[in-house]
Amino acid sequence: MDDLFIDLSVRLSSILKHFMNPASRLWEVNAWTVIAVLELAVIIVLLALHNRKPVVNNKNAELKKKVMAETVDFDNIVNSAFHSVDLYNQLKVKCHPDRFPDDAEMNAKALEIFQQIAKNKNNLKKLEELKQRAINELNVKF
Amino acid sequence: MFANTWTMILDWFRDNSERGKLVRDFNAAAQESFIMGTAPTLIKASISKGEKSYHHQFSNWLNTGLRIQAFKGTQLSKSDLTQIGNVVLSDAVLMRRLVVLGFDTLEVCCDGGDYGCRWQIKDFMQIEG
């Protein structure tokens, strides 16, 4: 901000010097003077805009802020692109509820895990968690 | 009016910086996975022109596509390409971020970029999160 004011004052003084110089004719149209005046105008407009309170769409800004605060697990995305299919195919066979027809409790657990597997078929991290759960709860061997 | 325009200009620069950061983060993760040997193919994200007919409310003025290129040397099959696309599309957090940053098209293609698949991001927004 201070730099901007120093720049502004230097430009103003250069313009004033030009007009005060007896060698220069006062109303002579000089391209550089016009450019300097235009620059001055732009600086004044920008300063005025800078000091004004910005008008923002609060709803959109809040939504954007909320979304940007979430972290994206790129490592999981990249690894899922190549390894999730194999693990999904393995899990869907091993954890199918039809493998536990006699035990109602195990069947219910298997059904729940199977639904989760189908829901997260493209998420390697979730599938690995479900694999661990299947080992612990369904006593499945991989 | 001026204040709004000024805010729009600032937002545009901020969004562009965030878009660049997203692409850089994706590429860094892909590169690391490839170097570590966990990913058999190097994939690279970049910003592309996008498809005009896929525009939505948050779409950017230009360059609205996210292109993912798979560098394998040989032509990837359609199922490989769709698998990469499906993984990206099924990540709700990434999808929301892509929409907010003005992307509307996801493209997955091979090295040359002449053969690939394209999705309209709007169709895969997961509202319930």
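Counting of residues starts from 1 at the beginning of each chain's written sequence and follows it residue by residue. Both sets of labels track the order of writing: A upward for chains, 1 upward for ligands. Thresholds applied to this predicted model are a pLDDT of at least 70 for local features of residues and 80 or more for the giving and counting of side-chain atom pairs; totals over whole chains, interfaces and linings are not thresholded and use all residues. Hydrogens and waters are ignored; side-chain quantities use all the structure's heavy atoms.

## Considerations on the overall build of chain A
For chain A, the count of helices and strands is six helices and zero strands. Secondary structure elements are defined from DSSP: runs of H or I of at least 4 residues count as helices, runs of E of at least 2 residues count as strands, and each element is numbered from the N terminus. Starting at the N terminus and walking to the C terminus, you meet the elements of chain A as α-α-α-α-α-α. Here chain A, with 142 residues, has 27% of them falling under the buried criterion. Note on contacts: a residue pair is in contact if any heavy atoms of the two residues lie within 4.5 Å. In chain A, the proportion of contacts linking residues at least 24 apart, taken out of those at least 6 apart, comes to 59%. When the accessible area of chain A is evaluated, it comes to approximately 10,100 Å², of which 59% is carbon and sulfur surface. With a 1.4 Å probe rolled over the protein chains alone, any residue whose accessible area is under 20% of its type maximum counts as buried; one over 50% counts as exposed, and the rest are partly exposed. Surface exposure here means Shrake-Rupley accessible area, sampled with a 1.4 Å probe, where a residue is shielded only by the protein chains that are shown.

## Focus: the environment of Asn27 of chain B
Mapping Asn27 of chain B onto the fold places it in helix H1 (residues 2-36). Once residues lying within four places of it in the same chain are set aside, the contact partners of Asn27 of chain B are Ile43, Lys44 and Ala45 of chain B.

## Some remarks on the domain arrangement of chain A
Domain assignment breaks chain A into domain 1 (2-51) and domain 2 (71-138). One C-alpha centre belongs to domain 1 of chain A, the other to domain 2 of chain A; they are set 70 Å apart. Boundary definitions for the domains trace back to an automatic or database domain assignment.

## Considering unusual backbone geometry
A positive phi is found at Asn139 of chain A, a non-glycine position, where the angle reads about 55 degrees. Turning to its location among the elements, Asn139 of chain A is positioned in the segment after helix H6 (124-138). A positive phi angle is found at Asn63 of chain B, which is not glycine, with a value near 50 degrees. Within the secondary structure, Asn63 of chain B sits in the loop between strand S1 (42-48) and strand S2 (65-71).

## Structural notes on the packing of helix H5 (residues 104-119) of chain A against H6 of chain A
All names here are of chain A. With axes taken as lines fitted to C-alpha atoms, and helix axes fitted only over the stretch in contact, angles between N-to-C directions fall between 0 and 180 degrees. The N-to-C vectors of H5 and H6 enclose an angle of 175 degrees; their axes lie 10 Å apart at closest approach. As judged from the angle between their axes, H5 and H6 are roughly antiparallel. Two secondary-structure elements touch here, H5 through Met106, Lys109, Ala110, Glu112, Ile113, Gln116 and Ile117 and H6 through Leu127, Leu130, Arg133, Ala134, Glu137 and Leu138. Along the lines of polarity and charge, the residues of the contact of H5 with H6 split into eight nonpolar, one polar and four charged. Roughly parallel covers angles under 35 degrees, roughly antiparallel covers those over 145, roughly perpendicular covers 65 to 115, and oblique covers all other angles. Each residue is assigned to one class: nonpolar for Ala, Val, Leu, Ile, Met, Phe, Trp, Tyr, Cys and Pro, charged for Asp, Glu, Lys and Arg, and polar for all the others, Gly among them.

## Thoughts on the nonpolar core
Within this scheme, the nonpolar core is defined by two criteria: the residues are buried Ala, Val, Leu, Ile, Met, Phe, Trp, Tyr or Cys, and they are joined through side-chain atoms within 4.5 Å. Grouped together as the largest cluster of nonpolar side chains are 35 residues, with contacts concentrated most on Phe74 and Ile77 of chain A together with Ile43, Ile68, Leu94, Leu98 and Leu106 of chain B. Membership of the second largest hydrophobic core comes to 15 residues, among which are Ala110, Ile113, Leu124 and Val140 of chain A.

## Brief notes about the interface of chain B and chain A
Across the boundary between the two partners, chain B contributes 32 residues, which contact 27 residues of chain A. Once two parts are brought into contact, the accessible area they lose, counted with a 1.4 Å probe and summed over both, makes up the buried area. Around 2,800 Å² of area is buried between chain B and chain A when both sides are counted, 68% of it from carbon and sulfur atoms. By definition here, a salt bridge exists when the distance from a side-chain nitrogen of Lys or Arg to a carboxyl oxygen of Asp or Glu is within 4 Å. Applying the counting criterion to the chain B and chain A interface returns two salt bridges. Linking Lys64 of chain A and Asp15 of chain B is a salt bridge whose minimum nitrogen-to-oxygen distance equals 2.9 Å. Nitrogen and oxygen atoms within 3.5 Å of one another constitute a polar contact, given that in protein one can donate a hydrogen and the other can accept it, and given that sequence-neighbouring residues count only through two side-chain atoms. Between the two partners, chain B and chain A, sit eight residue pairs in polar contact (both at pLDDT 80 or more). Put simply, the parts of the chain that give the side of chain B that touches chain A at least two residues each are H1, helix H2 (78-90) and helix H3 (92-100) of chain B.

## Structural notes on the pattern of salt bridges
Going through the model one piece at a time under the given rule, you end up with 11 salt bridges over all chains. Of the charged contacts, one joins Glu39 of chain A and Arg11 of chain A as a salt bridge, the two residues approaching to 2.2 Å between their closest N and O atoms. Placement of the pair is Glu39 of chain A in helix H2 (residues 31-51) and Arg11 of chain A in helix H1 (residues 2-20), with a sequence separation of 28 residues. Arg118 of chain B is paired through a salt bridge with Glu51 of chain B; the nearest N and O atoms lie 2.9 Å apart. Of this pair, Arg118 of chain B sits in strand S4 (residues 116-120) while Glu51 of chain B sits in the loop between S1 and S2, and the two are 67 residues apart along the sequence. Here Arg118 of chain B falls in the partly exposed class, since its relative accessible area comes to 44%. The class for Glu51 of chain B is partly exposed, based on a relative accessible area of 21%. Members of the salt-bridge network, linked through shared partners, are Glu112, Arg133 and Glu137 of chain A.

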